[in-house]
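Structural characterization, general
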Amino acid sequence: MKYTVITGASSGIGYETAKVLAQKGKSLVLVARRTDELEKLRDEVKALAPDTDVILRSVDLTESDNVHELYESLKDLDIETWINNAGFGDFDNVKDVSVSKIEKMLRLNIEALTVLTSRYVHDYHNVDGTTVLNVSSGGGYRIVPNAITYCATKFYVSAYTEGLAQELKNSGAKLRAKVLAPAATETEFADRSRGEAGFDYSKHVAKYHTAAEMAGFLDQLLDSDAIVGIVNAEDYSFELRGPLFTYVGANN
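Residues numbered from 1 in each chain as written. Predicted model: local features only at pLDDT ≥ 70, side-chain atom pairs only at ≥ 80, totals over all residues. Heavy atoms only, no water.

Here's the deal with the pairing of strand S2 (residues 27-32)
- Burial analysis of S2 places 6 of its 6 residues in the buried class, the great majority of the element.
- Side chains Ser27, Val29 and Val31 of S2 all project onto a buried face; the interleaved residues Leu28, Leu30 and Ala32 project onto the opposite face, where all are buried too.
- When strand S1 (residues 2-7) meets S2, the two strands line up parallel, connected through 5 bridges. By the bridge assignment for S2, Thr4 is matched with Leu28. (Buried < 20%, exposed > 50% of the residue type's maximum accessible area, 1.4 Å probe, protein only. Helix = DSSP H or I, 4+ residues; strand = E, 2+ residues; numbered from the N terminus. Pairing = 2+ DSSP bridges.)

Considerations on the packing of helix H1 (residues 12-22) against helix H2 (residues 35-48)
- Orientation of H1 relative to H2, taken along the N-to-C sense of each, is 25°, at an axis distance of 9 Å. As the angle between them shows, H1 and H2 are arranged roughly parallel. Relative to H2, the crossing made by H1 is right-handed. Together, Tyr15, Ala18, Lys19 and Ala22 of H1 and Glu37, Lys40, Leu41, Glu44, Val45 and Leu48 of H2 make up the contact between the two elements.
- The residue makeup of the contact of H1 with H2, split by class, is 6 nonpolar, no polar and 4 charged. (Axes fitted to C-alpha atoms, helices over the stretch in contact; angles between N-to-C directions. Parallel < 35°, antiparallel > 145°, perpendicular 65-115°, else oblique. Left-handed = near helix turned anticlockwise from the far one by under 90°. Contact = heavy atoms within 4.5 Å. Nonpolar A, V, L, I, M, F, W, Y, C, P; charged D, E, K, R; others polar.)

Observations regarding a nonpolar patch on the surface
- Together, Val94, Ile143 and Ile148 line one region of the surface with nonpolar side chains, adding up to about 300 Å² of accessible area.
- Within the fold, Ile143 resides in the loop between strand S5 (131-135) and helix H5 (148-171). (Patch = residues over 30% accessible without salt bridge, like charges linked within 9 Å, V, L, I, M, F, W, Y side chains within 5 Å. Areas by Shrake-Rupley, 256 points an atom, 1.4 Å probe, with all protein chains shown as cover. Salt bridge = Lys/Arg side-chain N within 4 Å of Asp/Glu carboxyl O.)

Section: the packing of aromatic side chains
- Under the criterion given, the structure shown has 7 aromatic pairs.
- Here Trp82 and Tyr120 contribute two aromatic rings whose centre-to-centre distance is 5.9 Å and whose plane-to-plane angle is 45°, an arrangement assigned as tilted. Of the two residues, Trp82 sits in strand S4 (residues 78-84) while Tyr120 sits in helix H4 (residues 99-124), which places them 38 residues apart along the sequence. No difference in accessibility class separates Trp82 from Tyr120, as the two residues are buried.
- With a centroid separation of 5.5 Å and 10° between ring planes, the pair formed by Tyr156 and Tyr160 is classed as stacked. Of this pair, Tyr156 and Tyr160 both sit in helix H5, 4 residues apart, roughly one helical turn.
- Judged by its relative accessible area of 30%, Tyr156 is partly exposed.
- Of the aromatic side chains, those joined through ring pairs into one cluster are Tyr71, Trp82, Tyr120 and Tyr124. (Phe/Tyr/Trp six-rings, centres within 6.5 Å; stacked < 30°, edge-to-face > 60°.)

Written out as structure tokens, the structure is:
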């Protein structure tokens, strides 16, 4: 049996992606901190696709040791797709940021994603039909005021994943790497970034997608030959693209 791993599955894009993929017959490993939300998602998935196998892993990926423990706990599974969706943001001027929050954001958005991607690539680079998909942001291609540190983490995700995609292609590997770059999406992201609940997208954001819409875009990216799936910042259309960063070949 082949599995798809989704980190950050307890809400938002990860939550909705699990339901989309389950309805396509995919068995799932759902990873997040909140056990109750994972169990709720498992029940929804089983209602939609009773034959889908669902494995839950309740883990805080801001703790470095937990990242390796998670990967080790899944070593006996046949994982065809690994989706690094877990991450959070921060809206503040650099002079006003909570350093402890920033440290956790760096560990989750960069360190955990890189470790999990690296280990998956090491084990699956020559396995047919495998994909690693990392969720970046529109803020991984343009700098958003009051979110400089967050954008920097997502620039890393975008550059790292695009570079990995090129490296895999040039080496003849069978594994594919892809990066999804959402724009404003109606999730818990704004609440966690602001440190308070109750943000109403309909009142404060002119254009946005629902988490379900973004999950549909993620699925399109998985099924395509594109490396980048990005929301156009001007009209909010979804575009499947080749790499957007320059990759300097070894012979150049």
